[in-house]
Amino acid sequence: RDHGCDWSSDVCSSDLGELATAFNDLDSSDYVDKYTKNRIIKGFNSVIQLKEFYNPKVFVNLDKKSKELIDKGINKLNPVELIDLNKGLLKSSLGDVADPIDKWADANTVNVLYDMEKSGIDKMWVGLDDFQEGFLKPELVEKANELGYLIGTYDSYHSIHKPGQEKWSTAKFSDTSLYENATVTNKEGKKIEGFQGAGRKLNPTLAMPSVKERVSSILKTGLKFDSWFLDTDATGEVIDDYSKKHQTTEAEDINARIERMEYLQKEFNMVVGSEGGNDFASKSIAFAHGIETPSFSWMDDDMTKNKDSEYYVGRYYSSNGGTPELFSKQIPIKDKYKKLFMDTAYTIPLYKLVYNDSVITSHWWGWGTLKIKDEVENRELYEILYNVPPLYHIDKNEWNKNKDIIVKHTKVWSDFSKKAINKEMTEFKILSNDRLVQMTKYGEDLKVIANFSNKEVNIEGEKIAAKSLIIFEGNSKSKYTP
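Note that the structure is predicted; figures quoted are calculated from it, not measured.

Peer 1: How should unusual backbone geometry be read in this particular structure?
Peer 2: For residues other than glycine, phi is negative in most cases, and the peptide bonds are mostly trans. Unlike most non-glycine residues, Gln 196 shows phi in positive territory, near 60°. By the secondary structure assignment, Gln 196 is in the loop between α8 (178–181) and β4 (200–201). Positive phi, normally seen in glycine, also occurs at Glu 460, with a value near 50°. Positionally, Glu 460 belongs in the loop between β12 (457–459) and β13 (462–464).

Peer 1: Would you mind showing me how to read helix α15 (residues 376–385) here?
Peer 2: Quick reminder: α-helices carry 3.6 residues per turn. Residues three or four places apart thus point the same way. Counting buried positions along α15 gives 9 out of 10 residues, so the element sits mostly inside the fold. Listed as buried for α15 are Val 376, Asn 378, Arg 379, Glu 380, Leu 381, Tyr 382, Glu 383, Ile 384 and Leu 385. Close packing links the buried residues of α15 with α16 (396–420), β10 (437–442), β11 (446–451), β14 (468–473) and β15 (476–480). Once α15 finishes, Asn 387 follows within two positions and takes phi at roughly 55°, a positive value.

Peer 1: Looking at this model, I keep getting lost on the packing of aromatic side chains. Mind explaining?
Peer 2: Between two aromatic rings, the relevant description is the distance of the centres plus the angle of the planes. Taken as a whole and assessed by the stated rule, the structure comprises 20 aromatic pairs. Between the aromatic rings of Tyr 263 and Phe 268, the centroid separation amounts to 5.4 Å while the plane-to-plane angle is 85°, which identifies the pairing as edge-to-face. In this structure Phe 268 comes out as partly exposed when scored by relative accessible area, which is 29%. Within the aromatic cluster, the residues linked to one another by ring pairs are Trp 125, Tyr 154, Phe 229, Phe 287, Trp 364 and Trp 365.

Peer 1: Hey, could you run me through the confidence of the model for the chain in this one?
Peer 2: The predicted structure's coordinates, where accompanied by low pLDDT, should not be read in detail. On average, residues of the chain score 92 in pLDDT, and 97% of them reach the 70 mark or higher. Mean pLDDT across the elements of the chain bottoms out in helix α1 (residues 13–27) (73) and peaks in β14 (98). Note on residues 1–11: pLDDT under 50 across the span, and 41 contacts to partners over four residues away in sequence or across chains.

Peer 1: Which parts of the structure should I look at to understand the pattern of salt bridges?
Peer 2: When their charged atoms lie close together, side chains carrying opposite charge are able to pair. This structure, assessed with the given rule, holds 25 salt bridges. With a closest N to O distance of 2.6 Å, Lys 72 and Glu 81 form a salt bridge. Lys 418 is the partner of Asp 122 in a salt bridge, and the nearest nitrogen-oxygen pair spans 3.1 Å. In this pair, Asp 122 sits in the loop between α5 (110–118) and β1 (125–128) while Lys 418 sits in helix α16, placing the two residues 296 residues apart along the sequence. Classification of Asp 122 as partly exposed rests on a relative accessible area of 37%. Salt bridges linked by common partners bring Asp 233, Asp 253, Arg 257 and Arg 260 together as one network.

Peer 1: Would you take a moment to explain a nonpolar patch on the surface for this structure?
Peer 2: A contiguous nonpolar surface patch, about 370 Å² in accessible area, is contributed by Ile 348, Leu 350, Leu 353 and Val 354. Structurally, the position occupied by Leu 350 is in helix α14 (residues 350–355). Of the residues examined, Leu 350 reaches a relative accessible area of 58% and is grouped as exposed.

Peer 1: Would you mind showing me how to read the pairing of β14 here?
Peer 2: Remark: a regular strand shows side chains that alternate across the two faces of the sheet. Burial analysis of β14 places 5 of its 6 residues in the buried class, which makes it a mostly covered element. Pairing between β11 and β14: 6 bridges, direction antiparallel. Paired with Ile 449 across the strands is Ile 470, a residue of β14. As paired strands, β14 and β15 are joined by 5 bridges and run antiparallel to one another. When the sheet's bridge partners are listed, Ile 470 is paired in β15 with Lys 479.

Peer 1: Help me out: how do you make sense of the environment of Met 124 in this one?
Peer 2: Relative to the assigned elements, Met 124 resides in the loop between α5 and β1. Apart from residues lying up to four places away in sequence, Met 124 is in contact with Leu 113, Met 116, Tyr 149 and Leu 150.

Peer 1: Explain the sheet that holds β11 to me, please; I cannot follow it from the model alone.
Peer 2: Sheet strands associate in pairs through backbone hydrogen bonding, adopting either a parallel or an antiparallel arrangement. Reading across from one edge, β9-β10-β11-β14-β15 is the order of the 5 strands in this open sheet, with antiparallel pairing throughout. The open sheet is flanked by β9 (425–430) and β15, the only strands paired with a single partner. Across the sheet, the mean angle separating the axes of adjacent strands is 15° when strand polarity is ignored. Here β10 pairs with β11 via 6 bridges, running antiparallel. The partner of Gln 438 across the bridge, within β11, is Ala 450. The strands touched by α15 are β10, β11, β14 and β15; relative to β10, the strand with the most contacts, the crossing angle is about 30°. Together, β10, β11, β14 and β15 form the strand contacts of α16, whose direction differs from that of β11 by roughly 145°.

Peer 1: Could you clarify how one ought to interpret the nonpolar core in this entry?
Peer 2: When a protein is soluble and globular, its nonpolar side chains tend to lie buried together. Ranked by size, the top nonpolar core spans 73 residues in total, and within it Leu 113, Tyr 149, Phe 225, Trp 228, Met 261, Leu 264 and Ile 285 carry the most contacts. Residues contacting Ile 285, with those up to four places away along its chain left out, are Ala 234, Met 261, Gln 265, Val 272, Gly 273, Ser 274, Gly 277, Ser 358 and Val 359.

Peer 1: Is there a simple way to explain the packing of α5 against helix α7 (residues 138–147) in this structure?
Peer 2: How two helices pack is summed up by the angle between their axes together with the distance between the axes. For the pair α5 and α7, interaxial distance at closest approach is 9 Å and the crossing angle is 15°. Taken together, the axis directions place α5 and α7 in an arrangement best described as roughly parallel. The hand of the α5/α7 crossing is right-handed. Residues Val 110, Leu 113, Tyr 114 and Glu 117 of α5 pack against Glu 139, Leu 140, Lys 143, Ala 144, Glu 146 and Leu 147 of α7. Residues that form the contact of α5 with α7 fall into these classes: 6 nonpolar, no polar and 4 charged.

Thresholds, definitions, all that
Residues numbered from 1 in each chain as written. Predicted model: local features only at pLDDT ≥ 70, side-chain atom pairs only at ≥ 80, totals over all residues. Heavy atoms only, no water. Helix = DSSP H or I, 4+ residues; strand = E, 2+ residues; numbered from the N terminus. Buried < 20%, exposed > 50% of the residue type's maximum accessible area, 1.4 Å probe, protein only. Contact = heavy atoms within 4.5 Å. Phe/Tyr/Trp six-rings, centres within 6.5 Å; stacked < 30°, edge-to-face > 60°. pLDDT = per-residue confidence, 0-100. Salt bridge = Lys/Arg side-chain N within 4 Å of Asp/Glu carboxyl O. Patch = residues over 30% accessible without salt bridge, like charges linked within 9 Å, V, L, I, M, F, W, Y side chains within 5 Å. Areas by Shrake-Rupley, 256 points an atom, 1.4 Å probe, with all protein chains shown as cover. Pairing = 2+ DSSP bridges. Axes fitted to C-alpha atoms, helices over the stretch in contact; angles between N-to-C directions. Core = buried A, V, L, I, M, F, W, Y, C linked by side-chain atoms within 4.5 Å. Parallel < 35°, antiparallel > 145°, perpendicular 65-115°, else oblique. Left-handed = near helix turned anticlockwise from the far one by under 90°. Nonpolar A, V, L, I, M, F, W, Y, C, P; charged D, E, K, R; others polar.

Rendered as structure tokens:
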């Protein structure tokens, strides 16, 4: 989230410098290590997004498609067309050294999707951290559509950065007047800072034209996204704007957010989600992100700043060009945070008791199902007990490493969720003195009893093994141990 390089700016300059350095290292080395390979690939991913890439003195052997795109006018190309052109230009110089263009990036994208589908995972939401990922590999979107998976992109209208100084793509707007004319002022007359103190907070009541422009420009490329994730819109972070030229109230802020979410839902038939799932957004979203396991790493420097700590969550970097450490690195967490955020003895599914049949809730993206050491079993039990979809960050390596765990758990969860999702959660009950045996009921005939303890228990005439659960449906029952 909140990163990436914009295809029409110099945001990628660091990647380009890295590419030049990698080639210099290549010239002076007899062996190409993985680190250098990844730097080169990352650099290529950046340069093929640039309008300045085409040089007629360098690229002389052009195929028909490349010639047609150049004749159309580089400044008139949409992002997918521009990247297609630059892929063709790069291939024209690399020749047989490179695979056919339609195979580029398959190993980490469409091949993984195919294998997941073959493994029996028939329903899935695929979320990209940036719409530019779709520009780079439109085949990924096509294959997700073909396999019946929902696929969507991260998007945000929370922050706007000073024109020309944008730190991430969603904080850049073609209407550069917004920075001065559409940002929120507090009661003391000062502009409210954007995310992480960068830029300013954009007033939702003045953002709708830019929302329509961005969404339509992405979809006009031909990418068939059928889902959209709007960061922060449902968190409840609503503010009075005291700007003299556009004073707005919290109520108007909320209504503007609802209009934004429902625009995507109604205009494009999107499955829309947001972070937080606040009550005012419950009719406008299909999924709420971060309710089940909230973001809490910011509470402790050992998790976010101390890279030598065993609790450090990891960098937004991948040594193999795939899933960043922030998501793939498995870590323990300190006992006080485990008690606060993981201990099922204190879990009460209040949100689910109200919204199970209308809003799907998930973990915050930094705390995927497999992220926390010694908690994976508990979290898998929790996901079935409370009808919470498992969350994974997947590339080729992560899929191959965790495939058996993912397939086994996803099958049980999916079979259960298909029965529970359209029903109200009608009951929640604690069945043991230590609060570690819990029951949820969905409708009249679907029930789960989960044993989070380390010993077998006998509850309601059923023996339930340690770290296991039983699903009851009418007169039938099935047992599951993660």
